[in-house]
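Structural overview
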Amino acid sequence: MSKQAVLSIKNLKTSFYPNKGQTVIKAVDDVSLDAYPGEITAIVGQSGSGKSVTALCVFNIVDTSGRIEAGEVFLNGRDLRKLGDRALRNVHGKEISMIFQDPTSALNPSIRIKKQLIEAITAHERISKNMAMKRCEDVLVRVGLKNTKKILNSYPFELSGGMCQRVMIAMAIISNPNVLIADEPTTALDLTVQRGILEELLALRDKGMAVVLITHDLGVVAQTADQVYVMNNGKIVENGTVYDIFEKPQHKYTKELMNAIT
Ligand SMILES: Nc1ncnc2c1ncn2[C@@H]1O[C@H](COP(=O)(O)OP(=O)(O)OP(=O)(O)O)[C@@H](O)[C@H]1O
Ligand SMILES: [Mg+2]
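Residues numbered from 1 in each chain as written. Chains lettered and ligands numbered in written order. Predicted model: local features only at pLDDT ≥ 70, side-chain atom pairs only at ≥ 80, totals over all residues. Heavy atoms only, no water.

**So, the coordination of the magnesium ion (ligand 2)**
Using the following cut-off: Counted as donors are the N, O and S atoms within 2.8 Å of the metal, or 3.2 Å for Na, K and Ca, while water is not among the atoms, so some sites may look incomplete. Strands are runs of DSSP state E lasting at least two residues, helices are runs of H or I lasting at least four, and both sets are numbered from the N terminus onward. Each residue gets one of three labels from its accessible area relative to the maximum for its type: buried under 20%, exposed over 50%, partly exposed in between, using a 1.4 Å probe on protein chains only.
Within the protein, Ser52 (OG) and Gln101 (OE1) serve as the donor atoms for the magnesium ion (ligand 2), at 2.0 to 2.1 Å. Of this pair, Ser52 sits in helix 1 (residues 51-58) while Gln101 sits in the loop between strand 6 (96-99) and helix 3 (113-122); the two residues are 49 residues apart in sequence, bridging distant segments of the chain. By relative accessible area, which is 42% here, Gln101 ends up partly exposed.

**Here's the deal with the sheet that holds strand 5 (residues 78-79)**
To be explicit about the condition: A pair of strands is treated as paired once DSSP finds two or more bridges between them. In what follows, residue pairs with any heavy atoms lying within 4.5 Å of each other are defined as contacts. Note on geometry: axes are C-alpha line fits, over the in-contact stretch for helices, and angles between N-to-C directions span 0 to 180 degrees.
Spatially, 4 strands are ordered 2-1-4-5 in an open sheet, and the strand pairing comes out antiparallel. Edge positions in the sheet fall to strand 2 (25-35) and strand 5, since each of these pairs with one other strand and no more. Where strand 1 (residues 7-16) meets strand 2, 8 bridges bridge the pair, whose relative direction is antiparallel. Across the sheet, residue Ser15 finds its bridge partner in strand 2, namely Lys26. Contacting strand 1, strand 2 and strand 4 (66-75), helix 1 crosses the sheet at an angle of about 115° to strand 1.

**Focus on the site of ligand 1**
Here is the rule: Residues are labelled near a given molecule or strand when at least one of their non-hydrogen atoms is within 4 Å of it. Pairs of N or O atoms are called polar contacts if they sit within 3.5 Å, as long as, within protein, a hydrogen donor faces a hydrogen acceptor (for residues adjacent in sequence, only side-chain-to-side-chain pairs). All accessible areas in this document rest on Shrake-Rupley with a 1.4 Å probe, and a residue is counted as covered only by the protein chains that are shown. Residue type decides the class: Asp, Glu, Lys and Arg count as charged, Ala, Val, Leu, Ile, Met, Phe, Trp, Tyr, Cys and Pro as nonpolar, and the leftover types, Gly among them, as polar.
Taken together, the neighbourhood of ligand 1 is formed by 15 residues, with Ser47, Gly48, Lys51, Ser52 and Val53 sitting nearest. At a separation of 2.8 Å, an oxygen atom of ligand 1 approaches a polar backbone atom of Gly48. Isolated, ligand 1 exposes 630 Å² of accessible area, and the fraction of that covered by the protein chains is 69%. Breaking the shell around ligand 1 down by element, the ones donating at least two residues are strand 2 and helix 1. Ranked by residues supplied to the shell around ligand 1, first place goes to helix 1 with 3 residues. Broken down by class, the residue content of the shell around ligand 1 amounts to 4 nonpolar, 9 polar and 2 charged.

**Thoughts on the domain arrangement of the protein**
Stated precisely, the cut-off is as follows: Where each domain begins and ends follows an automated or database-derived domain assignment. Accessible area, probed at 1.4 Å, shrinks when two parts are joined; the buried area is that loss added up over both. The rule for a salt bridge is simple: a side-chain nitrogen of Lys or Arg has to be within 4 Å of a carboxyl oxygen of Asp or Glu.
Assigned domains within the protein: domain 1 (1-95 + 179-262) and domain 2 (102-176). Centre-to-centre, using C-alpha coordinates, domain 1 lies 24 Å away from domain 2. Between domain 1 and domain 2, the residue contacts involve 18 residues of the former and 11 residues of the latter. Of the roughly 1100 Å² buried between domain 1 and domain 2, counting both surfaces, carbon and sulfur atoms make up 60%. When the buried surface of domain 1 facing domain 2 is broken down by residue, Lys94, Ile197 and Glu200 rank first, second and third, together holding 34% of it. Our enumeration of links across domain 1 and domain 2 arrives at 1 salt bridge. Taking the shortest distance from any N to any O, the salt bridge between Arg142 and Glu200 comes out at 3.0 Å. Connecting domain 1 to domain 2 are 4 residue pairs in polar contact (both at pLDDT 80 or more). Mapped onto the side of domain 1 that touches domain 2, the elements with two or more residues apiece are helix 2 (85-91) and helix 7 (191-206). Top element by residues in the side of domain 1 that touches domain 2 is helix 7. It accounts for 4 residues. Per-class residue counts for the side of domain 1 that touches domain 2 are 8 nonpolar, 5 polar and 5 charged.

The structure is reproduced here in structure tokens:
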């Protein structure tokens, strides 16, 4: 039996229309991508190639100057672009979540961490207060945070940037979604913490989650990814297994990327 993608992006096109007279930016230009349960699918490519916009479009988050112009985003067989707001709210967090590259967008500065994490659970399930607290503490430990009680009672501004980033990761995985899109999840973290987060992503993959990992770091890709998509100028120029991309790159741009690290 052939394997079935849990997330399938088909021919996605998104452009930005800046002020009059400026040229249109084709940020995402006919992108297709499949992510499978139990695999890490990496998206690599230089800054500005369209990685984040692709991910944001999956959640229908596009800046006012931007427009999704074509394409489908199938999740568990349903086209998310055809779902209404209410149906989408049920899907987000439970079936698919995202770790944002821009951490300021994810945590509410005026609400304690505990409340934000509990809301991420109760948005989708009925659960006792005690059980919810236990889940919160467990998930913070999984992202490498100690002193969990103190963190739960803190406001985001009382935590360091790295701690906030780990809380965001915790929030994204607390409801155990089928798909996790992680946009540069470890960039701002020091190396040991980075390693812990990557190990957690691998553990989630081993439990059957489809993880889409967006990163500049080809070393991380080599160590963790199963499938790799290479993006340049809004397009996927090449995709394949991690072995194919590293050992037998076909496209000129992929070869350049590989040469840059060796
Ligand atoms: N809100 C926006 N308004 C106008 N243009 C935008 C906006 N967001 C992104 N773009 C443009 O879309 C293109 C793709 O941007 P995107 O953020 O997806 O790149 P990226 O591959 O994630 O880069 P990085 O590796 O730096 O995160 C870029 O040309 C960028 O300038
Ligand atoms: Mg980005």
